[in-house]
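An overview of the molecular structure
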Amino acid sequence: MLFGNLFKKENSVCYDLIEISQQHVATGQMGAYLKKICEEENFLHMGYRFEKHGGMGRYVIYSLAPYPYMIQYFKDRCPAMIEMECRALQGIPHKWREWPNGMQEIYFEE
């Protein structure tokens, strides 16, 4: 089986939901956005990471095991809409919690 492993997908702990430009959004604003949508939409286990695509900084928003409504929520929004929502928010401090499976989720101390 010559091509057996060639097309194998990597098993990822997280599901990438959307990515947006990092150029005008601070990390605190990204935290505020995730807190806002988690409270408004009852989303759980979310986080973000930084990536570079073609030399451009990007935030990738992900979740551990998104349910269909969560996936559709982000399909219904373009990256520019999310960026504008983030830019309108006051940045807030947040921390990270790492699960034994490697998932890193954002959390807030009240």
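Coordinates for the structure precede this section.
We now turn to the structure provided with this report.

Parameters and conventions
- Residues numbered from 1 in each chain as written.
- Predicted model: local features only at pLDDT ≥ 70, side-chain atom pairs only at ≥ 80, totals over all residues.
- Heavy atoms only, no water.
- Helix = DSSP H or I, 4+ residues; strand = E, 2+ residues; numbered from the N terminus.
- Buried < 20%, exposed > 50% of the residue type's maximum accessible area, 1.4 Å probe, protein only.
- Arc of directions from axis to C-beta.
- Contact = heavy atoms within 4.5 Å.

Comments concerning the environment of Met81
Tracing the chain through its elements places Met81 in helix α3 (residues 79-87). By relative accessible area, which is 41% here, Met81 ends up partly exposed.

Brief notes about helix α2 (residues 68-75)
Within α2 the residues assigned to the buried category are Met70, Tyr73 and Phe74. Projected down its long axis, α2 carries its buried residues within an arc of 90°, all on one side. When the buried face of α2 is taken as reference, the exposed residues oriented beyond 90 degrees from it are Pro68 and Lys75. The elements touched by buried residues of α2 are β1 (15-21), α1 (27-41), β2 (46-53), β3 (56-63) and α3.

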